[in-house]
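Examining the three-dimensional arrangement
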Amino acid sequence: MSGEEDPPLDVHHYEHRGKVPWDIQNYWSQRYDLFSKYDDGVWLTDDAWFGVTPEPVATKIADDIARAAPPERKILVDAFAGAGGNTIAFALSGHWKRVYAIEKNPAVLRCAQHNAEVYGVSDKITWFLGDCFDVIKSQLKDLAPYSVLFASPPWGGPGYRSASVFDLRTMEPYSLTTLYTEYSMFTPHVVLYLPRTSDLNQLARTVKGDRPAPVMHYCMRGASKALCIFYGNFQFS
Ligand SMILES: C[S@@+](CC[C@H](N)C(=O)[O-])C[C@H]1O[C@@H](n2cnc3c(N)ncnc32)[C@H](O)[C@@H]1O
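Under the annotation held in an unreviewed UniProt entry, the protein carries the name Trimethylguanosine synthase and is attributed to Aspergillus cavernicola. According to UniProt, the comment filed for the protein under the heading Sequence similarities (unreviewed entry) is "Belongs to the methyltransferase superfamily. Trimethylguanosine synthase family."

What follows is the structure, given as structure tokens:
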């Protein structure tokens, strides 16, 4: 366990399956996929289990963004930090001068901050409690010329799995159009983490002109997990 601090209200480090609520039990069996250092005292709220990006996927995304981002872009803004899965991977990559992480739920933000300590990267991250759209406009605007923005929005709960093609217009609470419109006012270099079944034609319609917007498909042990679209001048050659 990292330190002796007890988790705050609504935050847990479950040590035995017997203590885990029934609706998280599937996720409990994947706990080391989510955080390889789970046993070092990783904290999660019960809801955060559903949204964490598995560590191998978060690491791969962090590698891809680091190698393809324009060289003058040395700030990474993680708009939906959650329990820290992606934020920690960005900090561990060593590529960024600073990682800025925003989360609107105080208990979930506490998890991310604590988990970053478990992984030894808290000194590389600046945290914001609040709404990402407000924080970006009010507190990060001066960083815009140097920033890449990554966002792993809520997908509207586990129900997204039942759709053979996921409708990004009805994604809740933020549609693809809302995300793209808001973030591209901040920086052209935007990476969105979306369901693997996302409607590719809807993605194509957000791309201006004939500019490339690579879509990367992320898998783990032969299972498709998610995709990312890379808007802006990312160079994957
Ligand atoms: C899918 S989770 C992010 C998971 C994260 N990438 C990880 O690996 O742990 C989405 C998070 O966005 C947060 N959120 C939702 N709306 C937000 C907003 N407007 N501003 C900041 N955070 C928000 C939710 O509380 C939730 O924790």
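**Quick look at the packing of aromatic side chains**
Counting across every chain of the model gives 16 aromatic pairs. Considering the side-chain rings of Tyr32 and Tyr38, the 6.4 Å spacing of their centres and the 85° angle between planes classify their relative orientation as edge-to-face. Accessibility expressed as a relative area gives 2% for Tyr38, which makes it buried. Taken together, the ring pairs in this structure connect Trp28, Tyr32, Tyr38 and Trp49 into an aromatic cluster. Just above the ring of Trp28 sits the side chain of Arg31; from NZ or CZ to the centre is 3.8 Å. Over the ring of Tyr119 we find Lys37; its NZ or CZ atom is 5.7 Å from the centre of that ring.

**Here's the deal with the sheet that holds strand E2 (residues 98-103)**
Strand order in the open sheet formed by seven strands is E3-E2-E1-E4-E5-E7-E6, with mixed pairing between adjacent strands. For this open sheet the edge positions go to strand E3 (125-129) and strand E6 (215-220), each flanked by a neighbour on one side alone. Within this sheet the neighbouring strands show an average axis-to-axis angle of 20°, counted without direction. In this sheet, strand E4 (residues 147-151) lies alongside strand E1 (residues 75-78) in parallel orientation, the contact comprising four bridges. Residue Asp78 lies in a different strand from E4, and its bridge partner there is Phe150. Where helix H3 (residues 55-68) meets the sheet, it contacts E1, E4, strand E5 (190-194), E6 and strand E7 (223-231), and its direction lies at approximately 150° from that of E6.

**Details of the site of the ligand**
The environment of the ligand is formed by 23 residues, the closest being Asn86, Glu103, Asp131, Ser152 and Tyr174. At 3.2 Å, a backbone N or O of Ala83 approaches an oxygen atom of the ligand. Note that a nitrogen atom of the ligand is positioned 2.8 Å from one of the side-chain N or O atoms of Asn86. Protein chains shield 90% of the accessible area of the ligand, which is 600 Å² for the free molecule. Mapped by element, the contributors of at least two residues to the shell around the ligand are helix H4 (85-93) and helix H6 (132-139). Here the residues of the shell around the ligand sort into eleven nonpolar, nine polar and three charged.

Here is what the cut-offs are and how they apply
- Residues numbered from 1 in each chain as written.
- Predicted model: local features only at pLDDT ≥ 70, side-chain atom pairs only at ≥ 80, totals over all residues.
- Heavy atoms only, no water.
- UniProt positions renumbered as here; feature names shortened; annotations may be inferred.
- Phe/Tyr/Trp six-rings, centres within 6.5 Å; stacked < 30°, edge-to-face > 60°.
- Buried < 20%, exposed > 50% of the residue type's maximum accessible area, 1.4 Å probe, protein only.
- Lys NZ or Arg CZ within 6 Å of the ring centre and 35° of its normal.
- Pairing = 2+ DSSP bridges.
- Helix = DSSP H or I, 4+ residues; strand = E, 2+ residues; numbered from the N terminus.
- Axes fitted to C-alpha atoms, helices over the stretch in contact; angles between N-to-C directions.
- Contact = heavy atoms within 4.5 Å.
- Near = heavy atom within 4 Å.
- Polar contact = N/O pair within 3.5 Å; in protein donor to acceptor, adjacent residues only side chain to side chain.
- Areas by Shrake-Rupley, 256 points an atom, 1.4 Å probe, with all protein chains shown as cover.
- Nonpolar A, V, L, I, M, F, W, Y, C, P; charged D, E, K, R; others polar.

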